[in-house]
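A structural walkthrough
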Amino acid sequence: MEPEDVGTELAEVLIDEQRLAQRVAQLAAAISEDYEGRPPLLVVVLKGAVMFLADLARAIPQSVEMDFMAVSSYGYGTASSGVVRILKDLDVDVRDRHVLLVEDIIDSGLTLSWLLRNLAARSPASLEVCALLRKRDALQVDVDIKYVGFDIPNAFVVGYGLDYAEQYRNLRCIGTLAPDRLPS
């Protein structure tokens, strides 16, 4: 779906499709270099990171494995509740594996911090993070993110997998919603 398909529902396009593709290719090249000789297990946080994962995995020129987790800290709101629930856990054992956690967006860092502690307790050989987006101004905890696609303003964003109430995931860009589209 293109930005013009949603009319005035978007206030601004922050990152267009071309910039997304370029940055994903750069991240894939860095990951490939860093993981040469030790294929990573891409642990993907559903649902928001699916689009990012698909493009990232295809751009990595080596074999990768993937597994999926679903966690919730938002519900239908626009801010993290701070309470993390596992909705779907991994199917594979990460013990002694090189795990790369693929995230869509880092807001407060609370969910990511919780996920890193949870995965570290499972004894991976290594554990790193690749996040498409980071809101530096919203961070409440210090989290180590090895690969960051873009730093963005502290605004609610949609597109490229990110949603509001399960809408806008299939936008080919990342943008901010018009104020009248968000709950008051």
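All values derive from a computational prediction rather than experimental measurement. (Residues numbered from 1 in each chain as written. Predicted model: local features only at pLDDT ≥ 70, side-chain atom pairs only at ≥ 80, totals over all residues. Heavy atoms only, no water.)

**Focus on the nonpolar core**
- Ranked by size, the top nonpolar core spans 30 residues in total, and within it Phe52, Leu56, Leu133 and Ile174 carry the most contacts.
- Sorting the residues of this core by element identifies strand 1 (10-15), helix 1 (17-34), strand 2 (41-46), helix 2 (50-59), strand 5 (98-106), strand 6 (126-134) and strand 7 (147-151) as the ones contributing at least two each.
- When residues in this core are grouped by element, the largest group, 5 residues, is from helix 1.
- Leaving out residues up to four positions away in the same chain, isoleucine 174 has contacts with Val13, Leu14, Ile15, Leu20, Leu132, Leu133, Val157, Val158, Gly159, Tyr160 and Leu162.
- Core analysis: the next-biggest nonpolar cluster, separate from the first, contains 20 residues, Val84, Leu90, Val94 and Ile145 among them. (Core = buried A, V, L, I, M, F, W, Y, C linked by side-chain atoms within 4.5 Å. Buried < 20%, exposed > 50% of the residue type's maximum accessible area, 1.4 Å probe, protein only. Helix = DSSP H or I, 4+ residues; strand = E, 2+ residues; numbered from the N terminus. Contact = heavy atoms within 4.5 Å.)

**What to know about the packing of aromatic side chains**
- Overall, the coordinates contain 1 aromatic pair when judged by the stated rule.
- With centroids separated by 5.9 Å and ring planes inclined at 85°, the aromatic side chains of phenylalanine 156 and tyrosine 164 adopt a geometry described as edge-to-face.
- Judged by relative accessible area, which is 16%, phenylalanine 156 ranks as buried.
- The buried category is assigned to tyrosine 164, whose relative accessible area is 15%.
- Arginine 38 extends its terminal NZ or CZ atom over the ring of tyrosine 35, reaching a point 4.6 Å from the ring centre. (Phe/Tyr/Trp six-rings, centres within 6.5 Å; stacked < 30°, edge-to-face > 60°. Lys NZ or Arg CZ within 6 Å of the ring centre and 35° of its normal.)

**A short note on the sheet that holds strand 8 (residues 157-158)**
- Reading across from one edge, 1-9-8 is the order of the 3 strands in this open sheet, with antiparallel pairing throughout. Of all strands in the sheet, those with a lone pairing partner are strand 1 and strand 8, marking the two edges.
- Alignment of strand 1 against strand 9 (residues 174-177), held across 4 bridges, turns out to be antiparallel. Of the residues in strand 9, the one forming a bridge with glutamate 12 is threonine 176. (Pairing = 2+ DSSP bridges.)

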